[in-house]
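Chain by chain, the residues run as shown.
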Amino acid sequence: MSEKILVTGAGGQIGTELVTKLVEKYGVDQVISSDLRISEGSQNTIQLDVTNKENLEAVCLEYGISQIYHLAAILSAKGEENPLWAWQVNMGSLFNVFETARKLNLTRIFYPSSIAVFGLEAPKKLTPQHAVLIPESIYGISKAAGENLANYYFKRYGLDVRSVRYPGLIGYKSLPGGGTTDYAVEIYHKAVLHEPFECYLQSDAALPMMYMEDALNATLQIMEVDSSRLSLRTGYNIAGCSFDPAEITESVRKYYPDFEVTYKPDFRQKIAESWPASIDDSIARNDWGWTPHYGLEEMTAEMINNLRKKYSGKN
């Protein structure tokens, strides 16, 4: 039977590009995009508030959905501005997805977790898969709870939930949506536009990052692998490359030597300090063959080349 896929939060940084990949693989009629707000003229995109369980279930029945990629969430920086709202959206929507999937016998669910599940008690370098999880942000708390909920639904009901812990994601096709690692996207836009950049993290705030293409490949790969190869039903560590704002600045200056960067740390610095500087993803590599393809230099080349095309005539 051909899969019919629902993507929630499809208008976000990941969803914008993941939908394209899914359409390429399964066909345009097999992928339903949804978001709280949709742009005019969008095809196969529906308006859906995933915190409304009845509406979610109705959509799944109407379109014959068999898989859900549940991307709708309030991210770390936005979450700290309104923690109660972030918890209600992140956990309420996840319960709705899991309950709908259980009730309708959906075949597979993708739940994106995050390095935000780690806190100060976890090793800072090469953070292992099974490090203690005491997150410092409401986003991280919700993601850690979501991982345990995914594991519960798998063991209690046999629901085939699959998850990866995304690091900071960097891509050129859409702007980020309120995360602590957003600076690593904004910096490329500023450079290509010949504008100065004020960074809200300290110059030495090293964090795990990943180019969007690698993140999309990891997502599709874990969803396609045979269930028997998965030893985890929480969230797999996956790693791309790690760097700090000073290192990405030097990478950008190979293209724009006069690029001006200043530092004015804000509340996001404290969030960054609670996260790992690098990730051990050996279990994902061993279980389902995960391998990244982009380091910092390859990513910088891709970002600048594509943003130059995007801003052609403006710089």
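Located above this text is the structure these notes cover.
All of these numbers come straight from a predicted model, not from anything done at the bench.

Focus on the sheet that holds strand S6 (residues 161–166)
The seven strands lie next to each other as S3-S2-S1-S4-S5-S6-S10, forming an open sheet whose pairing is parallel. Edge positions in the open sheet fall to strand S3 (45–47) and strand S10 (236–237), since each of these has one partner strand only. Strands strand S1 (5–8), strand S2 (31–35), strand S4 (67–70) and S6 of the sheet are contacted by helix H1 (residues 13–26), whose axis makes an angle of about 165° with S2. The strands that helix H5 (residues 138–157) touches are strand S5 (108–114) and S6; relative to S5, the one it contacts most, it runs at about 145°.

Observations regarding the state of the cysteines
For the structure on display, the rule yields zero disulfides. Of all cysteine sulfurs in the structure, the one in Cys241 sits closest to Cys199, which takes part in no disulfide; the separation is 16 Å. The exposure class of Cys199 is buried, given its relative accessible area of 1%. The exposure class of Cys241 is buried, given its relative accessible area of 14%.

Brief notes about the pattern of salt bridges
Per the counting criterion, the structure on display carries 14 salt bridges. Close ionic contact of Glu213 with Lys21 constitutes a salt bridge, the shortest N to O distance being 2.6 Å. Here Glu213 is found in helix H7 (residues 212–224), whereas its partner Lys21 is found in helix H1, with 192 residues between them in sequence. Residue classification places Glu213 among the partly exposed positions, given a relative accessible area of 25%. Among the salt bridges present, the one from Lys53 reaches Glu57, with a minimum N-O distance of 3.6 Å. Taken together, the positions of Lys53 and Glu57, both in helix H2 (residues 53–63) and four residues apart, correspond to about one turn of that helix. By relative accessible area, which is 25% here, Lys53 ends up partly exposed. Overall, the relative accessible area of 14% leaves Glu57 in the buried class. Because the salt bridges share partners, they merge into one network encompassing Arg108, Asp160, Arg162 and Arg233.

Calculation criteria
- Once a new chain begins, its residue numbering starts again from 1 and follows that chain's sequence as written.
- Only residues with pLDDT of 70 or above have their local features reported here, since the model is predicted, and side-chain atom pairs are shown and tallied only from 80 upward, although totals for entire chains, interfaces and linings are computed over all residues.
- For the side-chain quantities, the full set of heavy atoms in the structure was used; hydrogens and water were omitted.
- Two strands form a pair only when DSSP identifies at least two bridges running between them.
- The helix count covers DSSP runs of H or I at least four residues long, the strand count covers runs of E at least two residues long, and both are numbered beginning at the N terminus.
- Whether two residues are in contact is decided by their heavy atoms: any pair within 4.5 Å suffices.
- Fitted lines through C-alpha atoms serve as axes, helices being fitted only where they are in contact, and the angles separating the N-to-C directions of these axes extend from 0 to 180 degrees.
- Disulfide: a pair of cysteine sulfur atoms within 2.5 Å of each other.
- Only protein chains enter the calculation, and the probe is 1.4 Å; a residue is then buried if its accessible area is under 20% of its type maximum, exposed if over 50%, and partly exposed in between.
- A carboxyl oxygen of Asp or Glu within 4 Å of a side-chain nitrogen of Lys or Arg is what we treat as a salt bridge.

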